[in-house]
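# Architecture and fold: a report
In case you want the letters, here they are:
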Amino acid sequence: MRKTTRRRVAAIAVAGAMLAAAVAATTGPVQAAAPNIIVNGGFEDGLTSWFVNNGNATDGATLSPTTDAYGGSNAVLVTNRKTTGSGPMQDLSGKVQAGKTYAITARVKYENPNSPATKQFFATMHYGGGTYTNVGTVTVARGQWGLIQGTFTIPAGQSVSTARLFIETPWTSDPASAPDTHLMDFKVDDVSVAEFVPSTTIEALGKNPGEGNPLISHKFGADGNAFVHDGRVYIYMTNDTQEYKPGPTGVSSTNTYASINTITVISSDDLMNWVDHGEIPVAGSSGVARYASNSWAPAMESKVVDGKEKFFLYFANNGGGSGVIVGDSPVGPWHDERGSLLITGSTPGASNGKNWLFDPGVFIDDDGQGYLVFGGGGDDGTRSAENTNHPKSTRVIKLGDDMISTEGSAEVIDAPLVFEAGHLFKRDGKYYYSYSSNFGFGGAIDPNGPPTGAIAYLMADSPMGPWTPETYKGIIFKNPGTYFGAGGNNHQSVFQLDGQYYFTYHAQTLNSRITGGATQGFRSPHLAKLDFNADGTIKEVKGDYKGVEQIHNLAPYRVIEAETIAWQQGIATKKIDGGSEEFGAQAPNLVVHDIDNGDWTSLAKVDFGDDGASAVTAKVRPLATGGKIQVRLDGRTSPVVATIPVDAPLGEWTKLTAQLDGVTGVHDVYFTYAGPDGADLFEVDSWSFEAASSQGVDLAVTASSRCIGASTYVAVTAVNNGEVPATVELTTPFGSKTVADVAPGKQAYQSFNTRAGQIDAGTVTVKATATIDGKQVTSTYNADYAAASCR
Ligand SMILES: [Ca+2]
Ligand SMILES: [Ca+2]
Ligand SMILES: [Ca+2]
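These figures come from a predicted structure and were not determined experimentally. (Residues numbered from 1 in each chain as written. Chains lettered and ligands numbered in written order. Predicted model: local features only at pLDDT ≥ 70, side-chain atom pairs only at ≥ 80, totals over all residues. Heavy atoms only, no water.)

### A word on the overall build of the chain
Counting its regular elements, the chain contains 4 helices and 53 strands. Overall, the C-alpha framework of the chain stretches about 90 × 85 × 45 Å when taken along its three principal axes. Taken over 791 residues, the chain has a buried fraction of 56%. Long-range contacts, defined as pairs at least 24 residues apart, comprise 65% of the intrachain contacts of the chain with a sequence gap of at least 6. In the chain, which carries 57 positive and 80 negative side-chain charges, the distance between the mean positions of the two groups comes to 4 Å. (Helix = DSSP H or I, 4+ residues; strand = E, 2+ residues; numbered from the N terminus. Buried < 20%, exposed > 50% of the residue type's maximum accessible area, 1.4 Å probe, protein only. Contact = heavy atoms within 4.5 Å. Lys, Arg positive; Asp, Glu negative; His and termini not counted. Charge placed at Lys NZ, Arg CZ, Asp CG, Glu CD.)

### Focus on the coordination of the calcium ion (ligand 3)
At 2.2 to 2.6 Å from the calcium ion (ligand 3) lie its protein donor atoms, namely E561 (OE), E563 (OE), E563 (OE), N589 (OD1), L590 (O), D685 (O) and D685 (OD). Here the donor residues of the calcium ion (ligand 3) share one chain and are spaced in sequence as E-x1-E-x25-N-L-x94-D. With E563 in the loop between β33 (559-561) and β34 (564-565) and L590 in strand β37 (residues 584-593), this residue pair connects regions lying 27 residues apart in the sequence. Overall, the relative accessible area of 1% leaves E563 in the buried class. By relative accessible area, which is 2% here, L590 ends up buried. (Donors = N, O, S within 2.8 Å, 3.2 Å for Na, K, Ca; no water.)

### Quick notes on the state of the cysteines
With the rule as written, the count across this model stands at 1 disulfide. C707 shares a disulfide with C790; S-S distance 2.0 Å. For the disulfide bridge between C707 and C790, the dihedral angle about the S-S bond is near -90°, and by the sign convention the bridge is left-handed. Within this pair, whereas C707 is found in strand β45 (residues 699-708), its partner C790 is found in the segment after β53 (788-789), the two being separated by 83 residues in sequence. (Disulfide = S-S within 2.5 Å.)

### With respect to the packing of aromatic side chains
Scanning the model with the defined rule gives 36 aromatic pairs in all. Ring centres of F495 and Y502 lie 5.3 Å apart, and the angle between their planes is 25°; on these two criteria the pair is classed as stacked. Here F495 matches Y502 in class, with each residue buried. Here the aromatic cluster, defined as three or more aromatic residues joined through ring pairs, consists of F477, Y483, F484, F503, Y505 and Y545. Sitting over the ring of F532, R427 keeps its end group 4.0 Å from the ring centre. (Phe/Tyr/Trp six-rings, centres within 6.5 Å; stacked < 30°, edge-to-face > 60°. Lys NZ or Arg CZ within 6 Å of the ring centre and 35° of its normal.)

### Examining the sheet that holds strand β15 (residues 262-268)
One open sheet accounts for 5 strands, arranged β13-β14-β15-β16-β34; its pairing is antiparallel. Strands at the two margins of the open sheet, each flanked by one partner only, are β13 (222-229) and β34. Bridge analysis of strand β16 (residues 274-281) against β34 gives 2 bridges, and the strand direction is antiparallel. Within β34, the position partnered with W274 by the bridge is I565. (Pairing = 2+ DSSP bridges.)

### Brief notes about the side chain of K219
Relative to the helices and strands, K219 is located in the loop between β12 (186-195) and β13. Note on K219: relative accessible area 6%, which makes it buried. Side-chain polar atoms of K219 contact the side chain of T264, separated by 3.3 Å. Within polar-contact distance, the side chain of K219 engages the side chain of D276 at 2.9 Å. If we skip the residues at most four places from it in the chain, K219 touches I202, T241, T264, D276, G278, E279, L510 and T573. (Polar contact = N/O pair within 3.5 Å; in protein donor to acceptor, adjacent residues only side chain to side chain.)

### Section: the side chain of H423
If you trace the backbone, H423 turns up in strand β26 (residues 418-427). A residue is classified by how much of its surface remains accessible, and H423, at 6% relative accessible area, is buried. Once residues lying within four places of it in the same chain are set aside, the contact partners of H423 are N225, V373, Y432, Y433, S434, Q492, S493 and V494.

### Topic: the coordination of the calcium ion (ligand 2)
Within the protein, G570 (O), D594 (O), D594 (OD), D596 (OD) and D599 (OD) serve as the donor atoms for the calcium ion (ligand 2), at 2.2 to 3.1 Å. In terms of primary sequence, the donors binding the calcium ion (ligand 2) are separated according to G-x23-D-x1-D-x2-D. Here the residue G570 occupies a position in the loop between β35 (568-569) and β36 (572-580), and D594 occupies one in the loop between β37 and β38 (600-607), the gap between them amounting to 24 residues. By relative accessible area, which is 1% here, G570 ends up buried. Among the residues examined, D594 registers a relative accessible area of 5% and is labelled buried.

### Details of the sheet that holds strand β52 (residues 775-785)
Ordered in space as β48-β47-β51-β52, the 4 strands form an open sheet in which the pairing is antiparallel. Looking at strand neighbours, the two that pair on one side only are β48 (735-742) and β52, the edges of this open sheet. Each strand of the sheet is rotated relative to its neighbour by a mean of 15°, with strand direction disregarded. Judged from the 5 bridges that link them, strand β47 (residues 726-732) and strand β51 (residues 762-772) form a sheet pairing that is antiparallel. Among the inter-strand pairings, V728 is bridged to a residue of β51, identified as A768. (Axes fitted to C-alpha atoms, helices over the stretch in contact; angles between N-to-C directions.)

### Quick notes on unusual backbone geometry
In most cases, non-glycine residues show a negative phi, while peptide bonds are predominantly trans. For the bond running from N213 to P214, omega is -10°, close enough to zero to count as cis. Mapped onto the elements, P214 comes out in the loop between β12 and β13. The omega torsion across G465 and P466 is 5°, close enough to zero to call that bond cis. Along the chain, P466 falls in the loop between β28 (455-460) and β29 (472-477). Here the phi dihedral of A421 falls at roughly 65°; this positive angle occurs in a residue that is not glycine. Here A421 lies in strand β26. Unusually for a residue other than glycine, D428 sits at a positive phi of about 50°. Within the secondary structure, D428 sits in the loop between β26 and β27 (430-437). Among the residues examined, D428 registers a relative accessible area of 68% and is labelled exposed.

Below, the structure is given as structure tokens:
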């Protein structure tokens, strides 16, 4: 099996030949797996493929094997150096290509007691002639192995016919004048050069424990539109993550929105723990609406049509039009019922020839009539005050009963300084049209209207308005730049949950935390409470990281998708085949992946009750040996209350359980992931907890191993010592069996054929469920069996 590399690389700026390279302080992205192109990088084959750099006539040194290795049992020792460039070299001609980016790592150590306490080392590429480029570096303490790291892109026009890599110390013209400083002996081990394949996994802590904003920190999501269904709020967002392409320094190119053709969905019923439902493929050749090329700024409503509740997801096909797809549930499956865009330039009243036909906002009134607001832009190039303050670029139109057609003509909304992000809602018989103001079209901005890039609103007595400048009531939310430094566009929605109104907005907060301040247009969803004055006007919202309060505790005694996350660091999510155990067979199911040693996820305010939890179960797919899940309460460095060893067959989904003792009351639960460094440890699909009970199901469980012929068997016996019948599930590594209605005093028994002549000692798990005093109670027992050999 080929060993793959997977490591964090430090960002490195490479300067000219033999000059000190400046190393940036930021942590670069984790690189995805790619093979090492260095031969014998660990010197386990002695000096094979290595020689002394001979780029200059004066270079010279002696290479010899040493058993003082960083890895394995050998390394290389460099002695008798004549120049600072005299170090071990390998020829990469024909292996590296111009224009490609590579990651380099190597271990280096020097021990000369007369040398400085620290010393810088370089990995350097020599492309022939005088072209030397430092591609990785470290400053290492004397006597310790240091890690040379770097990423480098070979310039597009660079000849690589004599590409060579070597390890050296910083150049100086007269090294012999201070040989202990410049020409010390050193050792090198574990040299690796691999093509750099950037990972889009976000490594930064993007959402601080205890805080509510941004709602998610493992991906982006813009233009959030909230939709409440069955006590749960779903937020549909422009999938900015499609444009996120971090380079070797961990910084992405700017978000142009051009490639965005999916909509990302999250949901929560408590406003702190958010479930990732993945991406809806809306536009493009593999989208539901193949006639569209983009899916920006979604909006969602549901309505019973022909006796069946349907879910209508509207989207902007860039600035040119708007479409709608139809779902069977808030998370699909999705259908194209129309076959063409809903709003185009030929929609009656929609276009004035200069406005955008995007940003659909859907609203259904109490009488079942649907409305769509849309539109934006409208700069006519005149730089006039009239065009700036009254571009009249947005519209409202009635929807047909089917919600996928329009009725009549679109009416102009004359909202002061309007630009985009129209959203319509109703409260106490009043209708509200909120929108983002523009950033100036060149004319003087009317001080009686909103400031630029803010969320402003109008109030009227009908969904159709008329929406005149006289209905303008002020602003709800200033530009996000006011609160978070990074500004940009502004987008909002309003929803009601448990009697409270909330306001969604977006801000480039995760983007800014990834880069340490700079932003490239990647937006994240935020929430705030929305309060009203007695006259129905809106109290201004202020942006913050604190967000909103969790509105109720999380119930643990059930399946909880592992893609339910309050706070996390270092993980990513992906969709897998099959439905969701928690949300149903038709709902998409995601798993947490890219789990490295030190990564973690968490659930906020889990209520274990007075009797507490007796066990925690993870549905996992092991990818490496030696991984484990540690469960902690109230902090990611708090004491471990349970450990789930993830030792099961690699690549197979399996449920693993650990017992919990004395976990009662309400706690934030942290799952911290541990295992060997550099390995992709496992994936997690779901969690579940089992309630302890003062009235548990009373079982006596025993397990044993024995031989029948040449095969080993594991036998499990569970005697029901309780007073009511119990359903008993016997689980071993060799299979499981469920016995229903085991009467008091009776037993469940199964002998499992291991189909092996020899087995190691192990543990069986027995789960019993019974109804005690009208309450369903589940108890879990473990029992050990001995190793056996029947050969
Ligand atoms: Ca070695
Ligand atoms: Ca990770
Ligand atoms: Ca899942």
